[in-house]
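These are the residues of each chain, in order.
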Amino acid sequence: MVVLHVLFEHAAGYALFAVKEVEEIGMLLPQVEESVLSIGKFNSMVSLAAFFPFKSAQAALENMNAISEGVVHADLKLFLDTNLPRSGKKKAILGVSDAKIGAALQEEFSISIQTSGVVAEIIRGVRLHFHSLVKGLTAQAASKAQLGLGHSYSRAKVKFNVNRADNMIIQSIALLDQLDKDINTFSMRVREWYGYHFPELIKIVSDNSTYCRLAQLIGNRKELSEESLESLEEVVMDAAKAQAILDASRSSMGMDISPIDLINIERFSNRVVSLANYRLELQEYLRSRMSQVAPNLAALIGEVVGARLISHAGSLTNLAKYPASTVQILGAEKALFRALKTRGNTPKYGLIFHSTFIGRAAAKNKGRISRYLANKCTIASRIDCFSELPTSVFGDKLREQVEERLSFYETGEVPRKNVDVMKEAVKEAGDATAELKRKLEKKEKKRKKREKKLLEQANGEENGEAEMENGEADATVVKKKKKKQAADDEVQEEAPAAENGAEETPGKKKKKRKAEAEIEAEPAATDNGTEDTETPAKKKKKRKSEAVEAEPEEEAPEPVVSEKKKKKKKKEDSE
């Protein structure tokens, strides 16, 4: 008796389903297809054996990443260990949707795995009715879990894509090829359009970009004169051609052209010239990207051909995995399959034909040099793909080897051995990587110093603002303290006067209090912007109070002097 269990991976968790009457179901596959759509019939065939929900969205993402890579996650292993029956008389078969994860499970658990036949139909039914088969799971919750996991999975794939640098090269070379076609088409349109007015210019100037610049510069050929000869020379970079253009304009057979047509031609030629300039900028960008991503391949075969190889393979990693025989005919697949179908000669080269080496070789040696070049391209791509720091040392050495092999085919001069060349390359590469590391460390130090300075400046500005605020606060506090101290001094001056026997009447005390009140009221009056306007009566009272305060100060030292005299007299008497 065979017991079939089906493993289903959902965004909510892992589910294990037991399939009833597996032998009969296997025989009646069309009936299974029909019954999958009905939940009632499907429930009679399949029952939920176990369900393991994911603890968090992060756990779900980790499990899905493991499954997509064909790796058995710890959660899946624990789930199957716990719930999958493997002992007893009944033979257990586990059905899975993906053959890759199936092979990994078979190696892990030593059980028979089924991926085809009735398993695909049952998984289709489980996917359709999953929210009904698992208790407590609604269709809305299941769709939300799927949406959330889908977004996080896609985000992780895009973020940690190992080929993200290669993608820039692939897009750049595709745009470069498209621009070449478009510039060529537009230039032909300018030639045809402006040729009605100045047909002789087509024979004199063959370059498309130069022709468009001349059409933009000349405009109406009747307005050309000796004064415009210098500007023509700047565009054409040839004095004889500039003179020929000037002579042809005087005896041209072209028709007259209206100003509005001339404006349109000039505008269109301006667009073509700007496209040609952008193509040069794009080529420079592609060169810089290739020197960063695949410097050895670029040094060996050139930036454009190397970029085309990467683009055709899909990524640098894919190109590194290809054997040399595949790299040799990469781009000539149609010719290869036609040759295999007709039993003719297979192609000797594909995209690598655009390199200078094959063009320089003799006809009989083209196949041999293409095979040798493909071999070196494979080595260069593997070094670029798996090396930590990119250097073009190996690419330069491989290029020298191809040059030596080419001269060997032509002159018979024996090239150096591959072992010797690679020893030199490894030594030079070690020095280059050490130098590169040193430069990177210096850059990192400079960057850290810059960041530190910026932080210090920011902190200094914050401290300065805080100090300014504190300074203002301190100034106000100091002012208040000074006022308070002045008031205390006045009180202390009044106190000894009272102690030294100044006879103050109650009337004088009242006057004194009034005077103090007036002194305190004065700053308040000044703050409110009021002017000090004192009546003559108040001034008289104030003078009297000041005089009363001065009297005790004058009287105070007299008793002190009399006491000293008494002491002196006593001393004299005793002597």
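Because the structure is predicted, anything quoted here is derived from the model rather than measured.

Rules and cut-offs
Residues numbered from 1 in each chain as written. Predicted model: local features only at pLDDT ≥ 70, side-chain atom pairs only at ≥ 80, totals over all residues. Heavy atoms only, no water. Patch = residues over 30% accessible without salt bridge, like charges linked within 9 Å, V, L, I, M, F, W, Y side chains within 5 Å. Areas by Shrake-Rupley, 256 points an atom, 1.4 Å probe, with all protein chains shown as cover. Salt bridge = Lys/Arg side-chain N within 4 Å of Asp/Glu carboxyl O. Lys, Arg positive; Asp, Glu negative; His and termini not counted. Charge placed at Lys NZ, Arg CZ, Asp CG, Glu CD. Helix = DSSP H or I, 4+ residues; strand = E, 2+ residues; numbered from the N terminus. pLDDT = per-residue confidence, 0-100. Contact = heavy atoms within 4.5 Å. Buried < 20%, exposed > 50% of the residue type's maximum accessible area, 1.4 Å probe, protein only. Phe/Tyr/Trp six-rings, centres within 6.5 Å; stacked < 30°, edge-to-face > 60°.

**Q** Residue-level account of a positive patch on the surface, with values.
**A** A cluster of basic residues, K439, K442, K443, K445, K446, K449, R450 and K453, forms a positive patch on the protein surface. In this fold, K442 is placed in helix α23 (residues 418-499).

**Q** Run through the confidence of the model for the protein chain, naming residues and quoting values.
**A** Residue-level pLDDT values for the protein chain average 80, and 77% of them are 70 or greater. Here helix α25 (residues 536-555) stands out as the least confident element of the protein chain, with mean pLDDT 47; helix α16 (residues 303-313) is the most confident, with 94. For the stretch residues 495-509, pLDDT sits under 50, and the model shows nine contacts to residues farther than four places along the chain or on other chains. Low pLDDT, under 50, characterises residues 523-542; the stretch is placed with nine contacts to residues that sit more than four places away or in other chains.

**Q** Please provide a residue-by-residue account of unusual backbone geometry, values included.
**A** A positive phi angle, close to 60 degrees, is found at M237, a residue other than glycine. One can find M237 in the loop between α12 (229-236) and α13 (239-250). The exposed category is assigned to M237, whose relative accessible area is 69%. Unlike most non-glycine residues, R343 shows phi in positive territory, near 60 degrees. Here R343 lies in the loop between α19 (333-342) and α20 (356-360).

**Q** Can you break down the packing of aromatic side chains residue by residue, with the values?
**A** Scanning the model with the defined rule gives 11 aromatic pairs in all. Ring plane angle 40 degrees and centroid distance 6.2 Å describe the contact between F52 and F79, whose orientation is recorded as tilted. Taken together, the positions of F52 in strand β3 (residues 46-53) and F79 in helix α5 (residues 74-83) put the pair 27 residues apart, joining distant regions of the chain. When its relative accessible area of 3% is taken as the criterion, F79 is described as buried.

**Q** I'd like a description of the pattern of salt bridges, backed by residues and values.
**A** Within the structure shown, the criterion is met by 19 salt bridges. One salt bridge connects E303 with R287, and the closest N-O pair in it is separated by 4.0 Å. In this pair, E303 is assigned in helix α16 and R287 in helix α14 (residues 259-293), connecting sequence segments 16 residues apart. The partner of R447 in a salt bridge is E444, with the nearest N and O atoms 2.3 Å apart. Of this pair, R447 and E444 both sit in helix α23, three residues apart, which is roughly one turn of the helix. Accessibility expressed as a relative area gives 33% for R447, which makes it partly exposed. Salt bridges here are not isolated pairs; linked through shared partners, they connect K397, E400, E404, R416, E424 and E428.

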